[in-house]
Each structure stands twice: as C-alpha cells, then as structure tokens.
Amino acid sequence: MTDTSINKPETGDAQFSDFFALLKPRVMSLVVFTALVGLLVAPGTIHPFLAFCGILFVAIGAGASGALNMWWDADIDRIMRRTQKRPIPAGKVTSGDALAIGLALSGFSVVLLWLATNALAAGLLAFTIFFYAVVYSMWLKRSTPQNIVIGGAAGAFPPVIGWAIVTGTVSLEAVLMFAIIFMWTPPHFWALALFMKSDYDDAGVPMLTVTHGRRTTRNHILIYTLLLAPVAVGLGLTAIAGPIYLAIAIALNAWFIKGAIEIWRRDEAQAEFDHYKTEKAFFKFSLLYLFLHFGALLVTPALAPFGFGGW
Amino acid sequence: MAFSKDHELHERRFGRNLSLAVVLIGLVGIVFGLTVVKVTTGQPLEGFDHVARPHMIPEEGN
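A short tour of the structure in this document, coming up. (Residues numbered from 1 in each chain as written. Chains lettered and ligands numbered in written order. Predicted model: local features only at pLDDT ≥ 70, side-chain atom pairs only at ≥ 80, totals over all residues. Heavy atoms only, no water.)

The secondary structure content of chain B amounts to one helix and zero strands. A globule of 62 residues ought to have a C-alpha radius of gyration of about 11 Å, yet chain B, at 25 Å, is considerably larger. Referenced to the eigenvectors of the C-alpha coordinate spread, the extents of chain B come out at roughly 75 × 25 × 15 Å. Buried residues in chain B amount to 11% of all 62 residues. Of the charged side chains in chain B, 6 are positive and 7 negative, and the gap between their average positions amounts to 18 Å. (Helix = DSSP H or I, 4+ residues; strand = E, 2+ residues; numbered from the N terminus. Rg over C-alpha atoms; globule rule 2.2 N^0.38 Å. Buried < 20%, exposed > 50% of the residue type's maximum accessible area, 1.4 Å probe, protein only. Lys, Arg positive; Asp, Glu negative; His and termini not counted. Charge placed at Lys NZ, Arg CZ, Asp CG, Glu CD.)

Written as structure tokens, this is what we have:
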C-alpha cells in the first residue's frame, strides 16, 4: 500500500462529537425538557420505558431537524460569528454527511416513535421536523422578517408531542403550552438580534432589526411580551396547573413585561452606551422565564400532599 | 509473531468507531426493551389458533 492520500486529515474526517454537535445539543435539551413536562403533566399513564423511548425519539427528531438546518444554512453560518464554529463551516463535517444524518435520523425517529407510542405523536414529530427544516429554514428565514414568529412554532411543538405520547390526543392544556413557547420565541430572539446586530446584517438574514429598524423591533418585543402574559397566566387556570404555578406565572410575567418596557423606552444611543446591558439581561431572563413556567407545571403534582397541587 | 502497528487512519477514527458501536448497541437494547414492554403490557394475543371465542365475535347490530 503506497496510497498516502488517506493519511492526511481531510474535510469530513470528523470525530463523534462533531456529528453530535450537528444535532444542536443545547436546543435539544430545551426540547427534552418541554416534551418531558408535556408528557408528565398529561392525564393518563404510560409505561416508564415507553415514556423514556418517546422522549428519546423526540430528542433525536429535534436533532435531525437541527442537522438539516445546518446543512441548508452552511453558507450563512460561515459568515455569522455566532455560528462559525459549527461543524460544517468549521470544516469538520461535510454538508453531504449532515444532510444524510438529518434525513436518516428524521425517518428513524418518526418511525420508532410511532411504533413505541402512537400515530398522532409520530405525525406531530414529522410535522415539526418538516416545519423547522423546510418551512422555517428554507422558506421563511431568508425571505421575511416574520421568520422567527412563524418558525417559532417548530420549537413549540415538543410539549404537545409529549402530551400526545400519553393521551393520543391534543387538548386545551397542550395548546396553551404550545402557545407559551410560540409567543415567547419572538421577544427572546429579537432581544438577541438587538445585541448581536452585525451578525444578521452581514449574513443578509432579514431579521426585524435589519428590515424595519431597531425602534420597530423594540416595539414588537413589548407587544409580543404583552400578548404572551395572558397565555402564560391563562394556563394557570387549567387542570394541569395550580396556585403555585399561577403565582409564579404572575410574578414572571410582571418581571418580563417590566424588562420589555425598559427595552421599549431605550434608544440605540443608550443601548450602545452600556453595551446593551438591558437587552442582554432580558435575553437571559427569557430563558429562566420558560424554564420556571414549565418547572412549575412539573412540581405541581408533587405539591398535592401539601395542599398546593392542581386545582 | 507481533501484529503490525495500526495504520494512523485507524487510530484517528478509533474514538468515532467506538462511539458508533456504543450507539448501535444502545439501539439494539432499546428495540429489545420496546419489544419486551409491548409484548408484556399489550392485550393477550387471541385468534392465533384460528378459533373464534364468543367475546371476539361482534354482536349483531354493532
């Protein structure tokens, strides 16, 4: 054997961790958490192993859609500072491999979720993958400033899938969990866009900050935060919530609205002066906001012996 | 007789192959576990002997 071409590292000679990074593990952790809450608060019972498999397949499906997104967006990921270290722009994984992994894991996760649980849960997972990879990544992201508003639906489906895994149906509670994430996504991402401004500008992604200006973005953050509050508090009146959730939701939404008002009252000069301190704080709090809402739903049944369970 | 030293390519890909092996073994375990759970928690298998028991036959009018 004198062939030396296989000796040198080449693009595509990736380690396992590079392939794992294609699945967007941080997004996946949020998906696992919200799907798990949807599953645990749903009425009915399910065998623990089936529940484990259900959440695992939802996570794999979410990862698959992440890989498809990275395959499609490799060109703009090379431009944006935030995404330059992703496996494809970093030259660790070829875009062909990313596509193959995305498609294979999509089919795998949907079929196994169907076999393990039911057709509705599998159908919702398939639609979620399609929505994120095709509707959001291919159609909306580069064509409309409403990209993350509509695309946010993809991230909002996991608790509904978790609910469907147990019940085989979708009900008001599941729709409200969907609505919380759906309404939360725009202010969360627009706050990020305000302080990561050059990234989206350079890549030509029509974020609201680029197309309609930063004043309009601040207005929109406030509007969506105000619309989010009744949805989040409204969930507190359903069967899966209780007084603890309601109290937490009221406090979190009051604080979130306060942050949105502060962002709305500021102009660019003020923001540049303190390096977007308020916007960054709002973005960080938005993560805590979502975690605590779903966390409160999770602990509600556990508080029943103390008189603070569901209604 | 000593084995020849592994090619550098194999050394470079060892971690990746090992991880893939773990994933595949995990997949086998999951499919096996799913099978066990489905078989043990499902409805009793009936009709396998081609004998129709009374409760399996739909009542008239239904």
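The number of helices and strands found in chain A is 15 helices and zero strands. Principal-axis analysis of the C-alpha atoms gives chain A an extent of 75 × 55 × 30 Å. Here chain A holds 311 residues, and 53% of them are scored as buried. When contacts within chain A are restricted to residue pairs at least 6 apart in sequence, long-range pairs at least 24 apart make up 74% of them. In the form shown here, chain A has an accessible surface area of approximately 13,700 Å², with 70% of it arising from carbon and sulfur atoms. A gap of 6 Å separates the mean positions of the 21 positive and 18 negative side-chain charges of chain A. (Contact = heavy atoms within 4.5 Å. Areas by Shrake-Rupley, 256 points an atom, 1.4 Å probe, with all protein chains shown as cover.)

All right, on to the pattern of salt bridges then. When the charged atoms of two side chains with opposite charge come close together, those side chains can pair. All names here are of chain A. What the rule picks out here adds up to twelve salt bridges over all chains. In this structure, aspartate 73 and lysine 141 form a salt bridge, with 2.8 Å as the shortest nitrogen-oxygen distance. Separated by 68 residues along the polypeptide, aspartate 73 in the loop between helix H3 (48–72) and helix H4 (74–77) and lysine 141 in the loop between helix H6 (119–140) and helix H7 (147–156) bring together distant segments of the chain. Considered together, aspartate 73 and lysine 141 belong to a single accessibility category, that of buried residues. One salt bridge in this structure joins glutamate 279 and arginine 266, with 3.2 Å as the shortest N-O distance. Separated by 13 residues along the polypeptide, glutamate 279 in helix H15 (residues 277–299) and arginine 266 in the loop between helix H13 (243–265) and helix H14 (268–273) bring together distant segments of the chain. The pair glutamate 279 / arginine 266 is uniform in exposure class, with both members buried. Salt bridges sharing common partners tie together Arg214, Arg218, Arg266, Glu268, Asp274 and Glu279. (Salt bridge = Lys/Arg side-chain N within 4 Å of Asp/Glu carboxyl O.)

Here we take up a nonpolar patch on the surface. Residue and element names in this part refer to chain A. Taken together, the side chains of Leu120, Val170 and Val175 make up a nonpolar region of the molecular surface, amounting to roughly 210 Å² of accessible area. By the element assignment, leucine 120 lies in helix H6. Overall, the relative accessible area of 34% leaves leucine 120 in the partly exposed class. (Patch = residues over 30% accessible without salt bridge, like charges linked within 9 Å, V, L, I, M, F, W, Y side chains within 5 Å.)

With 16 residues of chain B in contact, the opposing surface of chain A contributes 21 residues. Counting the surface lost from both chain B and chain A, the interface buries some 1,500 Å², and carbon and sulfur atoms represent 65% of this. Of all residues in chain B, the largest losses of buried area upon contact with chain A belong to B:Arg12, B:Arg16 and B:Leu34, amounting jointly to 37% of the total for that side. For the interface between chain B and chain A, the tally reads zero salt bridges. Linking chain B with chain A are three residue pairs in polar contact (both at pLDDT 80 or more). Classifying every residue of the side of chain B that touches chain A gives seven nonpolar, four polar and five charged. (Buried area = accessible area lost by both parts, 1.4 Å probe. Polar contact = N/O pair within 3.5 Å; in protein donor to acceptor, adjacent residues only side chain to side chain. Nonpolar A, V, L, I, M, F, W, Y, C, P; charged D, E, K, R; others polar.)

All names here are of chain A. Counted according to the given criterion, the structure contains 16 aromatic pairs over all chains. Relative to phenylalanine 157, the ring of phenylalanine 127 lies with its centre 5.7 Å away and its plane at 85°, an arrangement referred to as edge-to-face. Pair noted here: phenylalanine 127 is in helix H6 and phenylalanine 157 is in the loop between H7 and helix H8 (158–167), with a separation of 30 residues, a long-range link. The interplanar angle of 15° and the centroid separation of 5.8 Å between the aromatic rings of phenylalanine 178 and phenylalanine 182 together place this pair among those described as stacked. Placement of both phenylalanine 178 and phenylalanine 182 in helix H9 (residues 172–195) is noted, with a separation of four residues, approximately one turn of the helix. Connected via pairs of aromatic rings, a cluster forms that spans Phe127, Phe130, Phe131, Trp139, Phe157, Phe178 and Phe182. A cation sits over an aromatic face here: lysine 258 above tryptophan 255, 4.4 Å from the ring centre. (Phe/Tyr/Trp six-rings, centres within 6.5 Å; stacked < 30°, edge-to-face > 60°. Lys NZ or Arg CZ within 6 Å of the ring centre and 35° of its normal.)

What follows covers the packing of helix H2 (residues 25–41) of chain A against H8(A). Residues and elements named next belong to chain A. It is at 7 Å that the axes of H2 and H8 come closest, and there the two elements cross at 35°. For the pair H2 and H8, the sense of crossing is right-handed. Facing H2, whose interface residues are Val31, Thr34, Ala35, Gly38, Leu39 and Val41, H8 presents Pro158, Pro159, Gly162, Trp163, Ile165 and Val166. Along the lines of polarity and charge, the residues of the contact of H2 with H8 split into nine nonpolar, three polar and no charged. (Axes fitted to C-alpha atoms, helices over the stretch in contact; angles between N-to-C directions. Left-handed = near helix turned anticlockwise from the far one by under 90°.)

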